[in-house]
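Chain and residue survey
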Amino acid sequence: MRLFAATTGSSSQEIMQKVAWERRDFLRTTGGVGLGSALVGLTPFLRAVSAPKIKKIVVVTFGGGARDQETFAPEGQENIPNLIKELIPQSTFFTQVVNRGILGHYVATASLATGVYESVNNFASVPPEHPTIFEYFRRELKRPASDAWVVAPSNGFNRIGESSHRSYGPGLGAGVILPKHLLASAISGPNTDYQHLLRDNYETPFHTPKLAGNEFQMRQLEGILKLSVSDFTAHARTLSSPDELSIYIARQLMRQLAPSMLWVTLHDIDIAHAGAFSLYVEGIRRTDRLCLELWKEIQSQPEYAGKTAMFILPDFGRDADMDSGGNGFQHHRTGDALSRTTWMMVMAPGIREGVIVDRAIQSTDLVPTLGSLLGISPSFAQGKPIPEVL
Amino acid sequence: MLPSDLKAEQFRGYPEQARKLILEHLDGLKRLPLSFLPSLLREVIVYDWKFPAERKQIDKELANISSLSAQKLTDWFRGFAQIRLSPKLENLNWVSAPGDFVEQLAAHLWTTHQVDAFRAAALAYADRLQAIAPPERPPISRLGIAVIGQGVMDNTYPLFRKLRPHGVYFTRVQPDNGLKLLMEQVSGRAKKHSEPYGHWYIDGAKALDHDPALTCVSYQSLEAVRVNLLAKMEAEIQSRGMGPEALRTILAQIRPEDLSMSADGDPVLNRFQLSLLTEGSGTQLFSTTFVQWAAREALRRAQPLTLLVRFAPRQRQKPMNELISGISQRVEVDVLGSLIDADMGSYYNWLNQQRLPGPEQSSFLVWFEDHNEALLIAPSLPRGTQSASSITMRQLLERIG
């Protein structure tokens, strides 16, 4: 059927709620997570009384959601041992994060960063239309440019750091590092095989937008990251994927600049668009490992340990197997409930650990929540602060 | 332009059978909302290259539209009529290029946050259409077969996990002559129940010798076409202003002769094979993706009675360190990764087969090639069970009934 062939006996909201309950039940089956009592005893505002103040924020988003059957469902838990055993027990976990916006990775990440469902062209090199969290943060707290950074997967994300909003915009945003772009600039020679790494927009594997805007300059490699070109390329040659390179850069930023606002967007999972299930699962496993490595890095650095909140969330989901309008894990094109429903985990000093929150929140709630934690007012954001985090 | 402005001469560029069909139903089409009609025209414009099952569906749909009273038509298309379109969309040449319109409509729906409303309207319409024009039951029970794991010697990946709840998992299959027996089975069905495009064989490498009664698609036979297509895509990407939407539009306009496909071939099958490469994502690069997508599209479009699919190893995805080191330019294969791809692909084959009429009577067999593991789903067999008894491939096929 050319339009949408699948029908369902349930409304989207019912399906989203069901997904959330299943996630909760899946997590209850895992070892080491005492979730039942935590659910009953949830007191949303308890943290505000006793928790240490959050000084730094690290946000990790996945460009390319991972479905429950490959992650939180019993058959998928083998793919995320670190999230299940190490991170979820330390986190407040939200089972139902709904994205009501456009399900393209750049525009969805821009929506996460602005708190508004953006409508910008997903495949063009354009800034978000509304102020980003980085702009609110820097202007209200009078922070220098070195205090807010984005590490993003591809050229398409190079404008994510600051908006086109007339009250904010150029000069107020975050610096953006595109590790693969940096790598391509650093490597010279006859081999061009790696060039395809730059074409990482897996939805259209052959397209790469031209760079424009405040992207990280090659000369800053040494100046800011304290990396020589040869050291950088030598290290890159030991890494198996672009996301590993992104985490390497994120670590380097933390060690050299210790930014208060660090946003890392991972993208390996989105190889799913090529239709190879094994590569998609490999991407999930790698992302699982990298999230733990980043959290451990936070705990090991005095500038971050004990004062950092880390948020992990996919930008959205992927199509359900049962929706005949799609092709299962491969894409996120149907707009069905599964592709719109994802999850989020929050780890922070004083956070209620092992708590599962079933109620629906929206992707746009992230920025107001970050604003409340940092004491700033993201006035153009549409979402609401999440009390369970505050 | 709106549908009410349609005139017969605007369809002069349509292929012969498509034009004839349009003119028979022009009065009915003029009453449809613009948010709906181009999607229908996109199908009708390629009517001459559609499979018989698709033609029947289009015929029924057009007949229904023409038969609806004004009041009923308003009721049927109310959801679509409420979709807000832009003047830019209205001004597109959606008669001659309905595919371009649909591409831009999709972007418009997402941008204006109307995609959920459109989706709801589409689902309601599909349900209604199915109720008044239910698809015909197949003359015989369908049979799907998937052969996975070619080239794998040792495997620890647990196979058929998603399919096991629906059938019997056999762990001691005698693999002797397995492929030959499977081929004989599908050939026998094709001869006994002859039907155009009713019996298919899809291979992820070079096709085995097969009965001409089978409609055959193989990855290797399309290698030259794939190379030509990739070169064309590369060239287009280098063009100024080329974005993904524009690229998709260009790909949709490619004809078989543009990629040097044989003019002697079956034009319907040529178009189908071309669409696998121009509309599929990853089909140009990975044979496992190609096979899964080809099976999906064959089931969706041709609704075959028999489908034998044999997955083959795909090329290995090189890790980043190998790519930047340039240590090897050779194309290698990833047999274990391909097995995992194919295991999931076979599950999707079964799901897509079950979406066709007569699911309760259909059977499905997946076999780990040259190994002892297979899973069989059939009406006569229990679900969610396992058999450790030794069984030959011939006996396995007899269990299908």
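Residues numbered from 1 in each chain as written. Chains lettered and ligands numbered in written order. Predicted model: local features only at pLDDT ≥ 70, side-chain atom pairs only at ≥ 80, totals over all residues.

**Topic: the overall build of chain B**
- If you tally the helices and strands in chain B, you get 17 helices and twelve strands.
- Each of the 401 residues in chain B was classed as buried or not, and the buried ones make up 40%.
- Taking contacts inside chain B between residues at least 6 apart in sequence as the whole, the part at least 24 apart equals 72%. (Helix = DSSP H or I, 4+ residues; strand = E, 2+ residues; numbered from the N terminus. Buried ≥ 20, exposed ≤ 12 C-beta atoms within 10 Å, placed from the backbone. Contact = placed C-beta atoms within 7 Å.)

**Structural notes on the overall build of chain A**
- Of regular secondary structure, chain A possesses 13 helices and nine strands.
- Residue burial in chain A is summarised as follows: out of 390 residues, 58% are buried.
- Relative to all contacts within chain A whose residues are 6 or more apart in sequence, the contacts with residues 24 or more apart total 73%.

**Some words on the pairing of strand β10 (residues 374–377) of chain B**
Residues and elements named next belong to chain B.
- Side chains A374 and L376 project from β10 onto one buried face, and the interleaved L375 and I377 project onto a second face that is buried too.
- Bridge count between strand β2 (residues 168–170) and β10: three bridges; the pairing is antiparallel. Residue Y169 lies in a different strand from β10, and its bridge partner there is L375.
- Pairing geometry for strand β9 (residues 363–368) and β10, over four bridges, is antiparallel. Bridging from a neighbouring strand, L365 pairs with L376 of β10.
- Linking β9 to β10, which pair antiparallel, is a turn of five residues; within it D370 sits at a positive phi near 65°. (Pairing = 2+ DSSP bridges.)

**Re the environment of M218 of chain A**
Residue and element names in this part refer to chain A.
- Assignment of secondary structure puts M218 in the loop between α7 (179–186) and α8 (220–223).
- Considered as a pair, M218 and L183 are 35 residues apart in the sequence and their alpha carbons are 9.3 Å apart.
- Apart from the residues within four sequence positions on either side, M218 is in contact with L182 and S185.

**Quick notes on the sheet that holds strand β6 (residues 306–310) of chain B**
Residue and element names in this part refer to chain B.
- Strands sit in the order β5-β4-β6-β1-β9-β10-β2-β11 across an open sheet of eight strands; the sheet is mixed. A strand with exactly one partner marks an edge of an open sheet, and here the two such strands are β5 (215–218) and β11 (385–387). Strand after strand, the sheet turns through a mean of 15° between neighbouring axes, direction not considered. (Axes fitted to C-alpha atoms, helices over the stretch in contact; angles between N-to-C directions.)

**What to know about helix α1 (residues 16–24) of chain B**
All names here are of chain B.
- Of all the positions in α1, only A18, L21 and I22 are classed as buried. Along the axis of α1, the buried residues cluster in a sector spanning 100°; they form a single face.
- Packed against the buried residues of α1 are α2 (26–29), α3 (37–44) and α4 (52–67). (Arc of directions from axis to C-beta.)

**Brief notes about the domain arrangement of chain B**
Residue and element names in this part refer to chain B.
- Here chain B is partitioned into domain 1 (3–132) and domain 2 (143–400).
- Placing the centre of domain 1 and that of domain 2 at their C-alpha centroids yields a distance of 32 Å.
- On the side of domain 2, twelve residues touch domain 1, which itself brings nine residues to the contact.
- Broken down by secondary-structure element, the contributors of at least two residues to the side of domain 1 that touches domain 2 are α4 and α8 (98–111).
- The greatest single-element share of the side of domain 1 that touches domain 2, amounting to four residues, is contributed by α8.
- Residues belonging to the side of domain 1 that touches domain 2 are distributed by class as follows: five nonpolar, one polar and three charged. (Domains from an automatic or database assignment. Nonpolar A, V, L, I, M, F, W, Y, C, P; charged D, E, K, R; others polar.)

**Quick notes on the environment of L257 of chain A**
Residue and element names in this part refer to chain A.
- Looking at where L257 falls in the secondary structure, it is placed in the loop between α10 (242–256) and β5 (261–266).
- By C-beta crowding, L257 is classed as partly exposed, having 19 other C-beta atoms within 10 Å.
- Through-space distance from the C-alpha of L257 to that of P368 is 25 Å; in sequence the pair is 111 residues apart.
- Apart from the residues within four sequence positions on either side, L257 is in contact with S146 and I224.

**With respect to the nonpolar core**
- Y280 of chain A together with V309, V366 and A374 of chain B are the most contacted members of the largest nonpolar core, which has 205 residues in total.
- Here this core gets ten residues from one element, more than from any other, and that element is helix α11 (residues 277–300) of chain A.
- Each of domain 1 (3–132) and domain 2 (143–400) of chain B contributes no fewer than three residues to this core.
- Not counting residues within four places of it along the chain, the set of residues in contact with V309 of chain B comprises I145, A146, V147, I202, V291, A295 and N349 of chain B. (Core = buried A, V, L, I, M, F, W, Y, C linked by C-beta atoms within 7 Å.)

**Let's talk about the pairing of strand β4 (residues 199–203) of chain B**
All names here are of chain B.
- Extensive coverage of β4 is indicated by the burial of five of its five residues.
- Alternating residues of β4 divide into H199, Y201 and D203 and W200 and I202, and every residue in both groups is buried.
- Bridge analysis of β4 against β5 gives four bridges, and the strand direction is parallel. Counterpart to I202 in the pairing with β5 is V217.

**Considering the packing of helix α14 (residues 287–302) of chain B against helix α16 (residues 335–354) of chain B**
Residue and element names in this part refer to chain B.
- Running from N to C, α14 and α16 point in directions that differ by 5°, and their axes come no closer than 9 Å. On the basis of the axis angle, α14 is roughly parallel to α16. Only S338, D341, A342, G345, Y348, N349, N352 and Q353 of α16 make contact with α14, whose side of the interface consists of T288, V291, Q292, A295, R296, L299 and R300. (Parallel < 35°, antiparallel > 145°, perpendicular 65-115°, else oblique.)

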